[in-house]
Amino acid sequence: MARVNWLRRHVRPEQLRELSLLALIVVAVMFFGSMIEGYYSFRTFNRIASSVAIIGVVAVGQTLVVLTRNIDLSVGSIAGFTAFFVGTLIANHNGVNPLLAVAISIAIGGALGVVNGVLVAWGRVPAVVVTLGTLAIYRGVLVDLSGAKTVTTDSLPQWLVDLPRLNIAPVGDLDVRPLFVVAVVIVILFQFGMGYLSFARRFYAIGSNPEAAQLIGLPLKRVVFIAFVVSGALAGLAGFMTLARFGNITVEAGRGLELNVVAAVVVGGVNIFGGSGRVTGAMLGAIMIGTLEQSLFRLGVSEFWRDALLGLLILLAVASDAVILKRLNRIWARTELKRIDSLAERAP
Amino acid sequence: MNSLRRWETLLFVLLLAVVSLNATESRYYLGVGNFINLFQLSIEKSIVALMMAFVIIGAEIDLSVASVMGLAACVMAYTFQQGAPLPLAILLALAAGVLAGLNNAFWIAYVGLPSLAVTLAGLIGYRGLARILVEDRAIGGFPLWFNALGQQGLIGPLTLSIMIFVILFVFFAVLLHASAFGRLVYVVGSNVEAARYSGVRVARVKTALFAGSACVSALAGVLYAARLGSVRGDMAEGFELDVITTVLLGGVSIFGGKGNMVGVGLSLLLILNLRNGMGLADITGNTQNYVIGGLLILSVLVPNIYQDIQNKWKGRER
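Residues numbered from 1 in each chain as written. Chains lettered and ligands numbered in written order. Predicted model: local features only at pLDDT ≥ 70, side-chain atom pairs only at ≥ 80, totals over all residues.

Caption draft 1: Representation of the overall build of chain A within the structure. Looking only at helices and strands, chain A features 14 helices and zero strands. In sequence order, chain A lays out its α and β elements as α-α-α-α-α-α-α-α-α-α-α-α-α-α. A compact globule built from 348 residues should have a C-alpha radius of gyration of about 20 Å, and chain A, at 22 Å, falls within 12% of that. By its C-alpha atoms, chain A is 80 × 55 × 35 Å across when sized along the principal axes. In chain A, buried positions account for 47% of the 348 residues. Once local pairs closer than 6 in sequence are excluded, the contacts in chain A between residues at least 24 apart make up 80%. (Helix = DSSP H or I, 4+ residues; strand = E, 2+ residues; numbered from the N terminus. Rg over C-alpha atoms; globule rule 2.2 N^0.38 Å. Buried ≥ 20, exposed ≤ 12 C-beta atoms within 10 Å, placed from the backbone. Contact = placed C-beta atoms within 7 Å.)

Structure follows, in structure tokens:
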């Protein structure tokens, strides 16, 4: 019993949730490894990593939005919009400084996020309505402005074409690719930021109980607004990453990304009711989805199984949050109360 | 109640404006052929919107409608291709729709999950099932009578889908405004806790909402297949946007408990005429799509701003 109590004090239910997801990923990888010849290779790793990188970066922003009890369905359109326009810009001016190109991507994404944020925070329009609308609007504006042109790889400068295959730190045969590194750095930054910055804790406070947060004077609207801007900016960055990864960009780029991202966030244990969830969880969710996406079609079964499995996974994740985690949390809280009670009794 | 009446008046005025603008802009607009065409071109969405109004008045949302349409059509096409007679295939398609709806309802009404998450999973998952059945082929070659039902007039120029729409509209209007079930939907939508404490079987009402929504969507999917004459895995993709827009523009509150069928009907006519007018004016389908997206946001934003202004005036009077 003592050991169980020790466990309860040091491991939170949310961490158990992430651990079980990690176990699920390991099981999935072992399953694919036993079914697919030559699955355990660096090529597989690289393929999964570059898919995870894009989903993961957007999922970090989505986590912030979902924490505040909102949802951002426009990220796919924002990423496509940014990829296309920055791609066109670089294709026309090959001398653009790489860092400037990244900054422009983030700025375009952020600006589109500002529109979402203003409408949700100050327009008091529900996030589903706003982002379902801007999902159509951003994509529609992109299609109209593009004039049916595409960005092609051979119009891009060499540094951008080489970027996704660049090997930053060769460890044996393992290539460490820049896109994946960017995603990992962003996840680490936000993980620590969301954990330790007092400003970041407001996202949790507002998501757990908006009325209470308002009563203690938290700037509810501003925090929701910032969540949407960050989500947009990271979607913009993901747009740049999409451009680097594929080179050929049509107006269809990033379509459907929002489904993968919301799936990653929800599977990663970010509560859709807001107020709980961690950036690392969302990243694990992205890894799970990236693994499924890149492995299923090599399995020889129809790649069309992916979406059906994804739907099932989301359902199970949300259900386990609602049923199992709630119960675990209650048990945890009860033992904690008992401990405090017994301490109080012992005190003179 | 007053503000509700004002919203419908506003819709009516807008509709009149669009109609008269269209009539002056194009001489093809005011013909029976064009009006039938205008209805026919998005009749499936209109049918789904009727049931979506119930779901949103009940303070829920169903994002999976378009995927259920696709799933039903693919189930029909697949079983037909495997040798089942078409009427049986249609029945199986409707059954698949009801099952999908019951699946949604189980998680929402009995496990207590948010409908946004469950139907988002449905949006992805049902589409996936449809794709598994049909993969990237297009299945066609249905009997002639089936295609004729979808494409040609049954009584005069009225097609089967238009007649189904009219019948469903009347049926749903009566169901929502003059039946006990309709009142239950409003009660559950405006205050689910109060409903529960007054002995309303909330779970059953929600089950009816989601099963009904999916059943109607499945029917719409079959009608859509009949109109197109062939079935693909990605058919009806993205329709949920138009359907939800129509309902919200009709004055149904996304927070539930408010809205009526007159508003939904007016908003249907408004959107259809707007799209038709834009089409006659050579505006592409893509532009039409984002105009509709803008309408979706405005239909919630404008009442909010209106309320803000009203509150300010009240403050001044005091």
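Caption draft 2: Representation of the interface of chain A and chain B in the model. Of the residues lining the interface, 38 residues belong to chain A; the matching set on chain B comes to 36 residues. Elements with a contribution of two residues or more to the side of chain A that touches chain B: α6 (127–146), α12 (257–267) and α14 (305–346) of chain A. Top contributing element to the side of chain A that touches chain B by residue count: α14(A), with 13 residues. The residue inventory of the side of chain A that touches chain B, partitioned by class, reads 28 nonpolar, six polar and four charged. (Nonpolar A, V, L, I, M, F, W, Y, C, P; charged D, E, K, R; others polar.)

Caption draft 3: Focus on unusual backbone geometry. One non-glycine residue, Arg124(A), adopts positive backbone phi at about 55°. A count of 15 C-beta atoms within 10 Å places Arg124(A) in the partly exposed class. Unusually for a residue other than glycine, Asp282(B) sits at a positive phi of about 70°. For Asp282(B), the position within the fold is in the loop between α13 (261–280) and α14 (285–317). The exposure class of Asp282(B) is exposed, given the 7 C-beta atoms found within 10 Å.

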